[in-house]
Amino acid sequence: MKVYPFKIPKPLNQNLIVQVDESKMFYGQLHQHEEIQLSWIVKGKGKLITGDSIHHFNDNDFFVIGPNCPHLFQSDLMDENAKMISLFFTRVSFGKDFFDLADVQEVQPFFNSAKNGFRLVSDRKEVHKLIEQMPRQGKLTRFISLLQLMKILCTAHKEMLTGFVYPKHIGSRDGQRLQSIFDYVVNNFQQEIRLGIVAELAFMTPNAFCRFFKKQTHKTFFQFLIELRLEHACHLLATSNLSIAEIAEQSGFNSISNFNRQFKAQKGLAPTQYADNPSLKLKKEH
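Residues numbered from 1 in each chain as written. Predicted model: local features only at pLDDT ≥ 70, side-chain atom pairs only at ≥ 80, totals over all residues. Heavy atoms only, no water.

Some words on the sheet that holds strand 3 (residues 46-50)
In spatial order, the strands read 4-3-6; together these three strands make up an open sheet with antiparallel pairing. Only two strands of the sheet have a single neighbouring strand rather than two, namely strand 4 (53-57) and strand 6 (71-75). Strand-to-strand twist of the sheet, defined as the mean angle between neighbouring strand axes without regard to direction, takes the value 20°. (Pairing = 2+ DSSP bridges. Helix = DSSP H or I, 4+ residues; strand = E, 2+ residues; numbered from the N terminus. Axes fitted to C-alpha atoms, helices over the stretch in contact; angles between N-to-C directions.)

Re the pairing of strand 2 (residues 36-43)
With six of eight residues buried, strand 2 is to be regarded as a mostly interior element. Looking at chain direction, strand 2 and strand 7 (residues 82-89) are connected through seven bridges and run antiparallel. Across the sheet, residue isoleucine 36 finds its bridge partner in strand 7, namely phenylalanine 89. As paired elements, strand 2 and strand 5 (residues 62-65) share four bridges and run antiparallel to each other. What sits directly across from tryptophan 40, in strand 5, is phenylalanine 62. (Buried < 20%, exposed > 50% of the residue type's maximum accessible area, 1.4 Å probe, protein only.)

Points about the packing of aromatic side chains
Aromatic ring pairs are described here by two measures, namely the spacing of the ring centres and the angle between the planes. For the structure shown, the criterion picks out 21 aromatic pairs. Judged by centre distance (6.4 Å) and plane angle (65°), the ring pair of phenylalanine 94 and phenylalanine 98 falls under edge-to-face. Plain terms: the ring middles of phenylalanine 221 and phenylalanine 222 are 5.3 Å apart, the flat faces sit at 70° to each other, and that makes the pair edge-to-face. Taking the relative accessible area as the measure of exposure, phenylalanine 221 reaches 3% and is therefore buried. Seen from the ring of phenylalanine 111, arginine 91 lies directly overhead, with NZ or CZ sitting 4.7 Å from the centre. Positioned over the ring face of phenylalanine 212 is arginine 177, at 5.9 Å from the centre of the ring. (Phe/Tyr/Trp six-rings, centres within 6.5 Å; stacked < 30°, edge-to-face > 60°. Lys NZ or Arg CZ within 6 Å of the ring centre and 35° of its normal.)

As for the sheet that holds strand 1 (residues 17-23)
In space, the six strands of this open sheet follow the order 1-7-2-5-8-9, with antiparallel pairing throughout. A single partner strand is all that each edge strand has here, and the edge strands are strand 1 and strand 9 (158-160). Each strand of the sheet is rotated relative to its neighbour by a mean of 20°, with strand direction disregarded. Each of strand 2, strand 5, strand 7 and strand 8 (118-120) is contacted by helix 2 (residues 124-133), which is oriented at about 100° to strand 2, the strand it contacts most. (Contact = heavy atoms within 4.5 Å.)

Points about the nonpolar core
Ranked by internal contacts, the top residues of the largest apolar core, which has 31 residues, are Leu38, Phe62, Val64, Leu87, Phe110 and Leu153. Those elements that place two or more of their residues in this core are strand 2, strand 5, strand 7, helix 1 (108-114), strand 8, helix 2 and helix 3 (139-155). Counting residues per element, this core draws most heavily on helix 3, which supplies seven residues. Ignoring anything within four residues of it in the chain, the contact list for leucine 87 reads Leu16, Ile17, Val18, Ile36, Gln37, Leu38, Ile131, Met134, Leu146 and Leu149. Core analysis: the second largest hydrophobic core is formed by 22 residues, Leu72, Ile181, Ala202 and Phe213 among them. (Core = buried A, V, L, I, M, F, W, Y, C linked by side-chain atoms within 4.5 Å.)

And the structure:
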């Protein structure tokens, strides 16, 4: 099964879609589909953009992406052995009223959490074991595994991905505009980015572009850019021995004072505090 921008084809007579992606890089195009997506990053590193938010992903991360949420996995260029196993299904994939039956009420909380998407924080080994077997299973066993997986995810510790629920599909024209913008920003955020250049990529005036971007992502372009830079900085703080000044520069900030101010405003703590204990980020968000 190949995923196309803003549309995902459904194989004939298959209600639960299981996909294994294994290549040098993940599919890096912005796309959107009505199916809920469950993805285990078996191996890979990079950035996940989900609608209005940016997150770094690493080996063994597990994500649930809500229906109709535009998203893309941007692999790091140095990663040569990326692998991801994903499941796709909707609430009505197994019948319009199936998940309303009293016998499956126990998994109802999963759908509430899936609306905003989440990263799994606890129970990852148990989830990995279930999803690892699913590509080789028959349809009935695979369906039973899905229900077991959903039951675990209902009570597991989660980190929400986005605060906005996307209620409808984005048209292909607007999707292509967002794709070109995200591609440019993800590849150039370490340098100065001018609003006029980004607006030209969308074939808009700067004012029209600002309105378009906020309508689609529910934040300003520069809010998005700062969050992308800070997510990159968090990754460097947690994984490198670079100085704060070097991390600020490599993350696209023109001064260390601006970096410290933006980091404190977004994360609630100083970069040095985050470097000493990256898990404080999760504590703050929960």
